[in-house]
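Now for the letters of each chain:
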Amino acid sequence: QVQLVESGGGLVKYGGSLRLSCAASGRIFSIHARGWYRQAPGKQRELVAAITRDGRTNYADSVRGRFTISRDTAENTFYLQMDSLKPEDTAVYYCNAMKPGPLVYWGQGTQVTVSS
């Protein structure tokens, strides 16, 4: 099992920044990709950003150039730096880890609210 714990959500004004963290523990070997998803009220959960074991990144078009995913392998933590936030970024953000199988693990979610 893999446990994921997010932190760093909150309320921020339009144009502000937040940094989300996701701490992974448990049987974290063989995780080959980590990602951030979000779900706004009444909408489906969507991929925001992902990073593979070898450091390749992928971003949703709506956040490219504003958000940055990164990882700290030594601390088994990965991050989502969110800059130039917009009200449409308001959602619950979930971190995600994937193993071959596929096995997919989710964090509990953290609320991000951007006021206009």
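The numbers attached to residues start from 1 for each chain and follow its sequence in the written order. Where totals are concerned, whole chains, interfaces and linings use all residues; where local detail is concerned, this predicted model gives features only for residues with pLDDT of at least 70, and gives and counts side-chain atom pairs only at 80 or more. Side-chain metrics rest on all non-hydrogen atoms present in the structure, leaving aside hydrogens and water.

The secondary structure content of the protein chain amounts to 0 helices and 11 strands. Think of it this way: any DSSP run of H or I at least four residues long counts as a helix, any run of E at least two long counts as a strand, and we number them from the N terminus. Listed by position from the N terminus, the elements making up the protein chain come as β-β-β-β-β-β-β-β-β-β-β. C-alpha atoms define the radius of gyration in this analysis, and the globule rule sets the expected value at 2.2 Å times the number of residues to the power 0.38. Against the compact-globule benchmark of 13 Å for 116 residues, the protein chain has a radius of gyration of 14 Å, which places it among compact chains. C-alpha extents for the protein chain along the principal axes are approximately 40 × 25 × 25 Å. In the protein chain, which comprises 116 residues, the share counted as buried stands at 41%. Long-range pairs, those at least 24 residues apart, make up 51% of the contacts in the protein chain between residues at least 6 apart in sequence. Accessible areas in this description were obtained via Shrake-Rupley with a 1.4 Å probe; residue shielding takes into account the shown protein chains only. Summing over all exposed atoms, the protein chain offers an accessible surface of approximately 6300 Å²; the carbon and sulfur share of this is 50%. Between the centroid of the 14 positive side chains of the protein chain and the centroid of its 9 negative side chains there is a distance of 4 Å. Here's how the labels work: a residue is buried when its accessible area is under 20% of the maximum for its type, exposed when over 50%, partly exposed in between, all with a 1.4 Å probe on protein chains only. Any pair of residues with heavy atoms lying within 4.5 Å of one another is described as a contacting pair. Charge convention: Lys and Arg are scored as positive, Asp and Glu as negative, and His as well as the terminal groups of each chain are ignored. In plain terms, the charge of a residue is placed at NZ if it is Lys, CZ if Arg, CG if Asp and CD if Glu.

Moving on to the state of the cysteines. What counts as a disulfide here is a pair of cysteine sulfur atoms lying within 2.5 Å. Tallying each qualifying case throughout the model produces 1 disulfide. One disulfide in the model links Cys22 with Cys95; its S-S distance is 2.1 Å. Around the S-S axis, the bridge from Cys22 to Cys95 shows a dihedral of about 55 degrees and counts as right-handed. Of this pair, Cys22 sits in strand 3 (residues 18-26) while Cys95 sits in strand 9 (residues 91-99), and the two are 73 residues apart along the sequence. For the residue pair Cys22 and Cys95, the accessibility class agrees, reading buried in each case.

Between any two strands, pairing holds if DSSP finds at least two bridges. Where strand 4 (residues 33-39) and strand 5 (residues 46-52) come together, 6 bridges link them in antiparallel fashion. Across the sheet, the residue bridging to Ala33 is Thr52, located in strand 5. From the end of strand 4 to the start of strand 5, which pair antiparallel, there are 6 residues, and Gly42 there has a positive phi angle of about 80 degrees. A loop of 4 residues connects strand 5 with strand 6 (residues 57-59), the two strands running antiparallel in sequence, and Gly55 in this loop sits at a positive phi of about 95 degrees.

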